[in-house]
Amino acid sequence: MVVVKLFASDKKINMNSNIARKRIEQLTNLLNKHNYKYYVLNQTVISDYEFDMLLNELLLLEKQYPDYVLPHSPTQRVGSDIDQKFVHVRHRFPMLSLSNTYNRGEVEDFNNRIKKIIEDDVEYICELKYDGVAVSIRYEKGVLVQAVTRGDGLEGDDVTENVKTIKSVPLRLNGDDFPDDFEVRGEIFMPHNAFEKLNIARQKDGKEVFANPRNCASGTLKMQKSSVVAQRSLDCILYYVVGENLPHQNHFDNLQKAKSWGIKIPDNMARAKSIEEIIGFIDNWEKNRGSLSFDIDGVVLKVNDYAQREELGLTAKSPRWAIAYKFKAERVSTKLLSVTYQVGRTGSITPVANLVPVRLAGTTVKRASLHNADIIEKLDLHDGDEVFVEKGGDIIPKIVGVDLGRRLVDSNPIEFVDKCPECGSELVRLEDESNHYCLNSDECPPQIKGRLYHFISRKAMNIDSLGEGKIEILFDRKLISDFADLYSLSREDILGIEKLYNEDGKERVVRFREKTTVNILKGIEASKNIPFERVLYGLGIRYVGVTVAKKLAQQFKSIDNLMNADEQVLLDVDEIGVKIARSIKAYFAKQNHVTLINRLRDAGVKFEMEENNNIVSDKLSGKRFVVSGVFTKISRNEIKELIENNGGKNVGSISSKTDYIIAGDNMGPSKLEKANKLNIPIVDENEFFEMLND
Ligand code: IVH
């Protein structure tokens, strides 16, 4: 059901206020029922048009009688344009994770371990392992009051407003036999069709595409405007009822009960009493996962009976009564059509295999990354080979092998190109590098454009009014050829520019209208407030990613200090090795880079750290801290903030230069061992607070 447009015109409905209140209630319930049928039960009862008519009537009435708007009204799902903050919330019951297995033998071990402890028959509930974002939703007196992400298991982010926009999540429960106060937990995910549609639209707008539906769901759930979340077609399946006065003493019956309250529970569950039945469930879904409209990454096996769960208990992180069996990456075979070469912003050349389109893990795959010449050689890839393709965590799948039995007798091995496919320069392969590079960085168009995309990207200058498509147009029109050119663009330069695209036989126009122009210029102006560390990252110095840029900015405070630092001084910075130090020196050794920086500085871009106005003392001055584990009183980030605000420094890994380790629960054993070996004092959060109070 697609609600094309929500609008409440200025039309008025004449009715007495008591009747209006009743009609609002009636429409709210009716529309919620249709939403439930469509989004939870997959049943279409009325047409989109009829639904929209009823919704519009409700909107009109609600506009006229705002006091009568019900909290569970379907109009409340459209979200808000106001930026929200995600407040940390402590889970009343920790959100544990599951231990994972990758082979059937370990599933048998799991069953045997349980059988050793439980004398009676054990019934398992087999479920799919949804590949999304875990969430816990709390209902009080049947009304959705809070939704919180898993976070570190002890505390997560309050994402209530965003979750309320998900149509399959009831805002109010049906019936009257639910506990007064309980939670349901499950997974928020993005179905394949919504994911593909969104990525296609983003690509057209020149925005970065999401690597996979899980990343997309997790990014969406953390968006500040719930009105945008409402447009993204997230879905939610809830697989765990948590609370004190649950109706049944077993998992399966509680889920069925939750279903009767209108909650969307898993469709594909099975009860199993033997290892054979469990393995049957695993085999079936490992084979048929492609038939689902969303991603799963395995199955989950849970002991059904709560008394037996109690007897089995928990380990530090996960219950002994459940286990996740993770699937191996899905693999298909298809034909190699050609190998083309992409030039990145650093000049690195990436070979890409163009394939006969094939369905894989819910999406259509047409291309696969071949990474570098070594991989092509290792695969011994030939023209027209039949290849095996797998999807890892990235959007671009990998070729993992060749079906040698189907190789054509007269096919030739793929030879890596020796000239840049874009500018024709001779390619080089540096010592110890697996990549080939085009060194013509100043003139090779994809390198220039790549640097511009990187500069405007979210983690750098965040000029989101300028996507890759618009940058390309400005570059092609010779309005920009480096970052500094952006800051001298004027309204006259860009207003009215048009470009016609022909994509798959369809024509599309990108036009710089008044509003676009104003937004672009505003975005460029606003980027002058971006802190130095992100500007430094935006320069695109090789090997200087977000974390390294942050470290360098904190250490050197200004671009001038950084430029003047010699290699040894750079090497003294925590986590900066020879490769990074040399790359930084090489970058500043080029006069055109220095000129570019000066032009950016003249335009008002920040090249100095701002003072930390939150400094409260210098009690920890000169001290280096490693913070590790899970804390009970405040979060890890808050501890790190306290360190910096009291003059201390956070470092990522333990070395002889570390002064203290602040350890919470579950600090990794290797860290502990290293700390003990180097004799570094380990303090807990209370001792840390004492240090601050001293
Ligand atoms: S039960 C204490 N059931 O897998 C057990 N989890 O590593 C709580 N997941 O964080 C989880 N599908 O995000 C459970 N059917 C399912 C699941 C499932 C996906 C996720 C969940 C959890 C992670 C465990």
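Here the structure is a predicted model, which is why all the values come from computation and not from measurement. (Residues numbered from 1 in each chain as written. Predicted model: local features only at pLDDT ≥ 70, side-chain atom pairs only at ≥ 80, totals over all residues. Heavy atoms only, no water.)

## Here's the deal with the sheet that holds strand 10 (residues 296-303)
(1) Moving on: In space, the five strands of this open sheet follow the order 2-11-10-3-9, with mixed pairing throughout. One side of each edge strand has no neighbouring strand; the edge strands of this open sheet are strand 2 (100-101) and strand 9 (270-272).
(2) Moving on: Here three bridges tie strand 3 (residues 124-130) to strand 9, and the two strands are oriented antiparallel to one another. Across the sheet, residue Cys 126 finds its bridge partner in strand 9, namely Ala 270.
(3) Moving on: Helix 3 (residues 104-117) rests against strand 2, strand 3, strand 10 and strand 11 (322-326) of the sheet, and its axis sits at about 170° to strand 11. (Pairing = 2+ DSSP bridges. Helix = DSSP H or I, 4+ residues; strand = E, 2+ residues; numbered from the N terminus. Contact = heavy atoms within 4.5 Å. Axes fitted to C-alpha atoms, helices over the stretch in contact; angles between N-to-C directions.)

## Notes on the side chain of Ser 411
(1) Moving on: Relative to the helices and strands, Ser 411 resides in the loop between strand 16 (398-402) and strand 17 (427-429).
(2) Moving on: Residues within four places of Ser 411 in sequence aside, it is in contact with His 382 and Asp 383.

## Considerations on helix 25 (residues 685-693)
(1) Moving on: Within helix 25, burial applies to Glu 685, Phe 688, Met 691 and Leu 692. Down the axis of helix 25, the sector holding all buried residues measures 110°, keeping them to one side. In helix 25, the exposed positions that point more than 90 degrees away from the buried face belong to Glu 690 and Asn 693.
(2) Moving on: Lining the buried residues of helix 25 we find strand 21 (624-628), helix 23 (636-645), strand 23 (660-663) and strand 24 (682-683).
(3) Moving on: Where helix 25 begins, the capping side chain belongs to Asp 684, and its oxygen is found 3.1 Å from the backbone nitrogen of Asn 686. (Buried < 20%, exposed > 50% of the residue type's maximum accessible area, 1.4 Å probe, protein only. Arc of directions from axis to C-beta. Polar contact = N/O pair within 3.5 Å; in protein donor to acceptor, adjacent residues only side chain to side chain.)

## Some details on the site of the ligand
(1) Moving on: In the vicinity of the ligand there are 14 residues, among which Glu 127, Leu 128, Tyr 130, Glu 187 and Lys 302 approach most closely.
(2) Moving on: Here a nitrogen atom of the ligand sits 2.9 Å away from a polar atom, N or O, in the main chain of Leu 128.
(3) Moving on: One of the side-chain nitrogen or oxygen atoms of Glu 187 is found 2.8 Å away from an oxygen atom of the ligand.
(4) Moving on: Taken by itself the ligand offers 520 Å² of open surface, and the protein chains cover 90% of this.
(5) Moving on: Contributing elements (two or more residues each) for the shell around the ligand: strand 3 and strand 10.
(6) Moving on: Among the residues forming the shell around the ligand, the class breakdown is eight nonpolar, one polar and five charged. (Near = heavy atom within 4 Å. Areas by Shrake-Rupley, 256 points an atom, 1.4 Å probe, with all protein chains shown as cover. Nonpolar A, V, L, I, M, F, W, Y, C, P; charged D, E, K, R; others polar.)

## Concerning the packing of aromatic side chains
(1) Moving on: Within the structure shown, the criterion is met by 20 aromatic pairs.
(2) Moving on: Taken together, the ring pairs in this structure connect Tyr 130, Phe 189, Tyr 239 and Phe 294 into an aromatic cluster.
(3) Moving on: Taking the ring centre of Phe 252 as reference, the NZ or CZ of Arg 271 above it sits at 4.2 Å.
(4) Moving on: The ring of Phe 388 has Arg 331 lying over it, and the distance from NZ or CZ to the ring centre is 5.9 Å. (Phe/Tyr/Trp six-rings, centres within 6.5 Å; stacked < 30°, edge-to-face > 60°. Lys NZ or Arg CZ within 6 Å of the ring centre and 35° of its normal.)

## Focus: the nonpolar core
(1) Moving on: Formed by 56 residues in total, the largest nonpolar core has its most connected members in Leu 486, Leu 539, Leu 552 and Leu 600.
(2) Moving on: Sequence-distant contacts of Leu 539, defined by excluding residues within four places in its chain, comprise Phe 483, Ile 559, Tyr 587, Ile 597, Leu 600 and Phe 607. (Core = buried A, V, L, I, M, F, W, Y, C linked by side-chain atoms within 4.5 Å.)

## Focus on unusual backbone geometry
(1) Moving on: One non-glycine residue with positive phi stands out, namely Asn 462, at about 50°.
(2) Moving on: If you trace the backbone, Asn 462 turns up in the loop between helix 12 (445-456) and helix 13 (468-476).
(3) Moving on: Positive phi outside glycine occurs at Lys 557, with the angle close to 70°.
(4) Moving on: For Lys 557, the location among the structural elements is in the loop between helix 18 (546-556) and helix 19 (559-564).
(5) Moving on: Residue Lys 557 is classed as partly exposed on the basis of its relative accessible area, which comes to 46%.

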